[in-house]
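# Analysis of the macromolecular model
Read off the chains here:
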Amino acid sequence: QVQLVESGGGLVQAGGSLRLSCYASGRTFSSYAMGWFRQAPGKERESVAAINWKSGNTILADSVKGRFTISRDNAKNTVYLQMNSLKPEDTAVYYCAARDGLMSLLRSRYTYWGQGTQVTVSS
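Read on for an overview of the structure. (Residues numbered from 1 in each chain as written. Predicted model: local features only at pLDDT ≥ 70, side-chain atom pairs only at ≥ 80, totals over all residues. Heavy atoms only, no water.)

## Regarding the sheet that holds strand 3 (residues 18–26)
Note the following rule: The rule for pairing is simple: two strands pair if DSSP sees at least two bridges between them. Strands here are runs of E lasting at least two residues and helices are runs of H or I lasting at least four, both read from the DSSP assignment and numbered beginning at the N terminus. A fitted line through C-alpha atoms represents every axis, and for helices the fit uses only the stretch in contact; the resulting angles, taken between N-to-C directions, go from 0 to 180 degrees.
Read from one edge to the other, the open sheet built from 4 strands follows the order 1-3-8-7, with strand pairing classed as antiparallel. With one partner strand each, in any of the chains shown, strand 1 (2–7) and strand 7 (68–73) form the two edges of the open sheet. Mean inter-strand twist for the sheet, computed between neighbouring axes without regard to direction, equals 20 degrees. Bridge analysis of strand 7 against strand 8 (residues 78–83) gives 6 bridges, and the strand direction is antiparallel. In the sheet register, Ser71 faces strand 8, and the bridge partner there is Tyr80.

Here is the structure:
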């Protein structure tokens, strides 16, 4: 019983930045983990980042390490994905997800998903 709503996507030039937000409502727990995933046309959904809601510990996929940062604001029930040095290959629909368990980059572990927000990076 968790509802997730993403926002913040848009069109940006290569090298630019965007910040995505995901607001969580409904039944939540301090033990929940949140993750960001992305899916480009014709490709499978891939992991981007994850965060332990209680501790704030994070993990990033190698493809975005050093460029993206995941964080959360407990008071706002919101998780963020700060994306810097964007590349055309970052173009995708970005989804946030939640699970009642440990932090993970495995897509199959997550049971709650947002509707997605489009990120387009032009060259």
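Still more ground to cover, so stick around.
## Some points on the state of the cysteines
What counts here: Note on terminology: pairs of cysteine sulfur atoms within 2.5 Å are recorded as disulfides. Exposure classes here rest on a 1.4 Å probe applied to the protein chains alone. A residue is buried below 20% of its type maximum, exposed above 50%, and partly exposed in between.
Evaluated as defined, the whole model comprises 1 disulfide. Each sulfur in the disulfide pair Cys22 and Cys96 lies 1.9 Å from the other. Because the sign of the S-S torsion sets the handedness, a value of about 55 degrees for the bond joining Cys22 and Cys96 places this disulfide among the right-handed ones. Remark: Cys96 occurs in strand 9 (residues 92–99) and Cys22 occurs in strand 3; sequence separation between them is 74 residues. Overall, Cys22 belongs to the buried group, its relative accessible area being 0%.

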